[in-house]
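# Observations on the model geometry
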Amino acid sequence: MGEPRGTQGLLDGFPILPSCVGKRVVFMGDDTWKDLFPGAFSQAFFFPSFNVRDLHTVDNGILEHLYPTMDGGEWDVLIAHFLGVDHCGHKHGPHHPEMAKKLSQMDQVIQGLVDRVENDTLLVVAGDHGMTMNGDHGGDSELEVSAALFLYSPTALFPSAPPEEPEVIPQVSLVPTLALLLGLPIPFGNIGEVMAELFSGGENSQPHSSALAQATALHLNAQQVSRFLHTYSAAAQDLKDKELHQLQNLFSKASADYQWLLQSPQQAEATQQTVIAELQQFLRGARTMCIESWARFSLVRMVGGAAILAAACFLCLLASQWATSPGFPFCPLLLIPVAGGLGGAVVYVGLVATIGLRLDLVLLGAVAAMCSLLTFLWKARAAWGSRKPLATLLPLPGSVRLFLLIRLAAFFSDSFVVADARATPFLLDSFILLLVAQLHWEGQLLSPKLLTVPRLGSSSSTGLPRYSGAYALRLGVGLLLCTRLAGLFHRCPEETPACHSSPWLSPLASMVDGRAKNLWYGACVVALLALLAAVRLWLHRYGNLKSPEPPMLFVRWGLPLMALGTAAYWALASGADEIPPRLRALVAGASVVLPRAVAGLAVSGLMLLLWKPVTVLVKAGTGAPRTRTVLTPFSGPPTTQADLDYVVPQIYRHMQEEFRGRLERTKSQGPLTVAAYQLGSVYSAAMVTALTLLAFPLLLLHAERISLVFLLLFLQSFLLLHLLAAGIPITTLGPFTVPWQAVSAWALMATQTFYSTGHQPVFPAIHWHAAFVGFPDGHGSSTWLPALLVGANTFASHLLFAVGCPLLLLWPFLCESQGLQKRQQPPGNEAEARIRPEEQEQPLMEMRLRDAPHHFNAALLQLGLKYLFVLGVQILACALAASILRRHLMVWKVFAPKFIFEALGFIVSSVGLLQGITLVMRVDGAVSSWFKQLVLAQQR
């Protein structure tokens, strides 16, 4: 063949390019090559490639220069990197009509190249990966790792009659094969095995010359690998000396036999096959040794990382149990452990410096964490003394222990990790049924008749059951139904080929049937409007929507605009391929403006909520002098926080009395009177508003039909909160505590929603299209913004449930009004039942939290620590599973990605939890400031 020239069409890389020294290399296509091989091309035509929704820019740019460059002859290696088929798979999938068009275009390109190649030219058409049924790639399934390779040359490359039973060599590599076919040196870092059969000669070649050609190709390959091993072992010194010495002896023997074979080419075929076998044995042994050496694990660092995680989880568990303990010395427990951790770290650094070892930051952190934890336990034990043994401070209910045991044990089985999308809804359903049964056994659920019977000494502050057994059962059935409906939006893992992913996860643009597309678009818009209407009706039911404050004004006007912008963007995205050419510029501009406008409105609404978080309707006026005073024992304005905490409940109760019609205007100037409407839902109203504002931009990052899942998410959360509220007693006599069952169910539902939105804890399942929502032309050189968009799409459920976690504490107080109304309507007394609502006793609801602010703050801290503990033990289990099963066949396919996704989800959940608690504290501070102003006004 002489010195052939090459025309190549690869998808993601050309690894033999460093060997093309002295060659005229021309490239055209994906601009990623510009950064990978700067200055390596004699001529280059780069085109932007990051936008997966653009099917034609790169391909059309290549076709503009391909044939003129090829006919010009000023090249030795010509590389054309087409991207249209790859992008079409990501955007539409493999069975869309657009894919047929792109494949037909590629067929025409290959035909045109075949007609133009000369006798000394080798045409290579290769794909670096395959494609799943969803159009994705990146995994190791059969569809993804199977890729086409097409070689063509006017000069014969293969024997015309291949052997009847050809030997299958699974470890052969394309890199050295292409290098030898193109007359180039094999890349220095290659450890792959050449396809020696391609160098066996043509149909007229003799058997001995065919075997000699194969041996020659293998010897060149072995020489290159031997040089690499020698250089690498001298620099890294991490290869095993014994195995390296054996491989060197094997290569020396094979080289000697090859030289003897060259001197006696007419030797028996058995001798030639022996040389080929020896060279192949050397290449495969070198490959195995390198893989074992490079896949090493540091057991010490694994233990150190697990120790840090375990210490953090144990600390969260201890602190969550002690958070509500009165008089517990938290300040010393925050300072002394820090000093202990720093002291342990200093001792460790000194010991390492003395011995002369290298400092490992992971081990340093592990030592500091363990020293801090031991100091914390010692100080906590000293603070408690003999009053409470340490074992009694860790009470976990039996159902929670069982849940954690099953959940954590599943992470050690690759089958359960792969089937986690089905196991999580099953575990959630079982947990819901167990919760309903537990409420019944504990007497928290009563019959409807018993709910209406007044009890001796009962009041609204004694944590009576609020629901009947039938009502709680309906809530449980509704939760089970929502879980099953959300399971319809499932994505099958690669390891289950018999499973079929839900077609509802694909965007509407991938649908061919126009009628079905319109029906689905209508269903998505209805789900969007239903979500908006549900939030507005909820705020209206508790009176917060009547507030003239900026956040409620934004809810009344801003949320409909966000819904309109979302629906309009869906319409443009689903019909982008059907838009007339004269309107494409307008549609392209709208596709940029609409998502950014929705995101901007969401940010504006959140800023307004942080600025004015108290969403209540307040009326003020002057009235006749009253005989009752607001501040009973006090004289003068409050001077301390304790004084303010004492008077706030009295102010609220007085405002409720004013709400019953005592706001009267008189001509004479009298004391100021104030009436506040539905102040009892001020915390929950801010939380629900914030969650809605977060949901809209997150919804835009998903496919249109995922809006149904978001609607189910809000409905499922609402039902779960009501069911959990039945088992949380309301009392002002002690600290407020959210049960472990509620926290565990909340965390489990976040994981279930992660799978229901079409995600899987593997990298091929990442929704990369989210990076182009609002940025259809890409992001230029920026990487943080597309990473932020993709991360928000992937961990949307973690973020929403973490921000909404404080609702677990607030919702039982919010549900007090429902139980109070039922108990205020005894049967058989219609005259009393016709009392006007404003004359009935108004429940305190969330204002009961103001009766004991220190308990409220402690309860928020306890809730956050419990939630972090439940998530933290899952990360610990994933880390231990990946460490213990590090030699497992599926470690890089299943266990390691699961750990990575759990860790990233924990980070996102921690940030979201901090944001949710910060919002509650901001509302609490605004309410306190508001009450303080009222106190000062009353004193004047």
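Residues numbered from 1 in each chain as written. Predicted model: local features only at pLDDT ≥ 70, side-chain atom pairs only at ≥ 80, totals over all residues. Heavy atoms only, no water.

Moving on, we come to the overall build of the protein. Summing up its helical and strand segments, the protein has 31 helices and eight strands in all. Counting over 940 residues, the protein shows a buried share of 51%. Within the protein, residue pairs in contact and separated by at least 24 positions form 77% of the contacts whose partners lie at least 6 positions apart. Accessible surface for the protein amounts to roughly 43,700 Å². Of this, 64% is attributable to carbon and sulfur atoms. (Helix = DSSP H or I, 4+ residues; strand = E, 2+ residues; numbered from the N terminus. Buried < 20%, exposed > 50% of the residue type's maximum accessible area, 1.4 Å probe, protein only. Contact = heavy atoms within 4.5 Å. Areas by Shrake-Rupley, 256 points an atom, 1.4 Å probe, with all protein chains shown as cover.)

This part covers the side chain of arginine 407. Within the secondary structure, arginine 407 sits in helix 13 (residues 398-410). The buried category is assigned to arginine 407, whose relative accessible area is 4%.

As a further point, take the confidence of the model for the protein. Summing up the model confidence of the protein, the mean pLDDT is 78 and the portion of residues at 70 or higher is 77%. Here helix 29 (residues 830-833) stands out as the element of the protein with the lowest mean pLDDT, 41, in contrast to helix 26 (residues 796-803), whose mean of 96 is the highest. Counted against residues more than four places away or in other chains, residues 161-170, with its pLDDT under 50, gives four contacts. Low pLDDT, under 50, characterises residues 621-637; the predicted model gives this stretch 43 contacts beyond four residues in sequence or across chains. (pLDDT = per-residue confidence, 0-100.)

Under the definition given, this model contains one disulfide. Paired by a disulfide, cysteine 492 and cysteine 499 hold their sulfur atoms 1.8 Å apart. Between cysteine 492 and cysteine 499 the sulfur-sulfur dihedral comes to about -55°; the bridge is accordingly left-handed. We classify cysteine 499 as partly exposed; its relative accessible area is 32%. Here cysteine 313 is not disulfide-linked; the sulfur of cysteine 316 is the nearest cysteine sulfur, at 6.6 Å. On the accessibility criterion, cysteine 313 (7% relative accessible area) is buried. (Disulfide = S-S within 2.5 Å.)

Now for helix 3 (residues 84-91). Within helix 3, six of the eight residues are buried, which leaves the element mostly enclosed by the surrounding structure. Where helix 3 is buried, its residues touch helix 2 (57-72) and helix 4 (97-116). One or two positions beyond helix 3, positive phi appears at glycine 93, with a value near 95°.

Turning our attention to the environment of leucine 748. Tracing the sequence through the fold places leucine 748 in helix 24 (residues 740-756). Exposure remark for leucine 748: the relative accessible area of 2% places this residue in the buried category. Considered as a pair, leucine 748 and leucine 428 are 320 residues apart in the sequence and their alpha carbons are 6.5 Å apart. Every residue in contact with leucine 748, bar those within four places of it in the chain, is listed here: Phe403, Arg407, Thr424, Leu427 and Leu428.

Summed over all chains, the structure comprises 21 aromatic pairs. With a centroid separation of 5.8 Å and an interplanar angle of 50°, the aromatic rings of tryptophan 33 and phenylalanine 37 are classed as tilted. Both rings, one in tyrosine 683 and one in phenylalanine 856, keep their centres 5.4 Å apart while their planes meet at 75°; by these two values the pair is edge-to-face. Placement of tyrosine 683 in helix 22 (residues 682-700) and of phenylalanine 856 in helix 30 (residues 853-884) is noted, with a sequence separation of 173 residues between them. An identical accessibility class is assigned to tyrosine 683 and phenylalanine 856; each is buried. (Phe/Tyr/Trp six-rings, centres within 6.5 Å; stacked < 30°, edge-to-face > 60°.)

It is at 12 Å that the axes of helix 13 and helix 15 (residues 420-441) come closest, and there the two elements cross at 170°. Overall, the two elements helix 13 and helix 15 adopt an arrangement that is roughly antiparallel. Only Asp420, Thr424, Leu427, Phe431, Leu434 and Gln438 of helix 15 make contact with helix 13, whose side of the interface consists of Ser399, Phe403, Ile406 and Arg407. Its residues assigned to classes, the contact of helix 13 with helix 15 shows five nonpolar, three polar and two charged. (Axes fitted to C-alpha atoms, helices over the stretch in contact; angles between N-to-C directions. Parallel < 35°, antiparallel > 145°, perpendicular 65-115°, else oblique. Nonpolar A, V, L, I, M, F, W, Y, C, P; charged D, E, K, R; others polar.)

The next subject is the pairing of strand 2 (residues 25-30). The element strand 2 is extensively covered by neighbouring structure, given that six of its six residues are classed as buried. Relative to strand 4 (residues 77-81), strand 2 runs parallel, the two sharing five bridges. Residue pairing in the sheet places valine 25 in a bridge with valine 77 of strand 4. Relative to strand 3 (residues 43-47), strand 2 runs parallel, the two being bridged by five bridges. By the bridge assignment for strand 3, methionine 28 is matched with phenylalanine 45. (Pairing = 2+ DSSP bridges.)

In this section: a nonpolar patch on the surface. Together, Phe763, Ile900, Leu904, Ile907 and Val911 give the surface a local cluster of nonpolar side chains, amounting to about 420 Å² of exposed area. Among the structural elements, phenylalanine 763 can be located in the loop between helix 24 and helix 25 (784-794). (Patch = residues over 30% accessible without salt bridge, like charges linked within 9 Å, V, L, I, M, F, W, Y side chains within 5 Å. Salt bridge = Lys/Arg side-chain N within 4 Å of Asp/Glu carboxyl O.)

This part covers the pattern of salt bridges. On inspection of all chains with the given rule, the structure shows 12 salt bridges. A salt bridge links arginine 24 to aspartate 76, with the shortest nitrogen-to-oxygen separation between them at 3.3 Å. Note that arginine 24 is positioned in the loop between strand 1 (5-9) and strand 2 and aspartate 76 in the loop between helix 2 and strand 4, a separation of 52 residues in sequence. Of the charged contacts in the structure, one is a salt bridge between glutamate 902 and lysine 898, with a shortest N-O distance of 3.2 Å. Of this pair, glutamate 902 and lysine 898 are both found in helix 31 (residues 891-939), four residues apart, which corresponds to roughly one turn of the helix. Each member of the pair glutamate 902 and lysine 898 is classed as buried. A single network of salt bridges, built from pairs that share partners, joins Arg407, Asp420, Lys898 and Glu902.

Quick look at the side chain of serine 547 now. When you line up the elements, serine 547 lands in the loop between helix 18 (514-541) and helix 19 (550-574). Given the relative accessible area of 0%, serine 547 is considered buried. A distance of 3.2 Å separates a polar side-chain atom of serine 547 from the backbone nitrogen of glutamate 549. (Polar contact = N/O pair within 3.5 Å; in protein donor to acceptor, adjacent residues only side chain to side chain.)

Turning our attention to the environment of glutamate 846. Assignment of secondary structure puts glutamate 846 in the loop between helix 29 and helix 30. With relative accessibility at 0%, the residue glutamate 846 sits in the buried group. The sequence separation of glutamate 846 and leucine 809 amounts to 37 residues, and the corresponding C-alpha distance is 9.7 Å. At 3.3 Å, the side chain of glutamate 846 forms a polar contact with the backbone nitrogen of valine 682.

Let's shift gears to the packing of helix 22 against helix 23 (residues 707-725). Two numbers describe how helix 22 lies on helix 23: the axes approach to 11 Å, and their chain directions differ by 160°. By the angle between their axes, helix 22 is roughly antiparallel relative to helix 23. Judged by the twist between their axes, the crossing of helix 22 over helix 23 is right-handed. Across from Leu691, Thr692, Ala695, Leu698 and Leu699 in helix 22, the residues of helix 23 making contact are Ser707, Phe710 and Phe714. Its residues placed into classes, the contact of helix 22 with helix 23 shows six nonpolar, two polar and no charged. (Left-handed = near helix turned anticlockwise from the far one by under 90°.)

The next subject is the pairing of strand 4. Each regular strand shows side chains that alternate between the opposite faces of the sheet. Counting buried residues in strand 4 gives five out of five residues, a clear majority hidden from the surface. Alternating residues of strand 4 divide into Val77, Ile79 and His81 and Leu78 and Ala80, and every residue in both groups is buried.

Along the chain, valine 85 falls in helix 3. The spatial distance from the C-alpha of valine 85 to the C-alpha of leucine 103 is 6.9 Å, given a sequence separation of 18 residues. Setting aside residues no more than four positions away along its own chain, valine 85 makes contact with Met99, Lys102, Leu103, Met106 and Met131.

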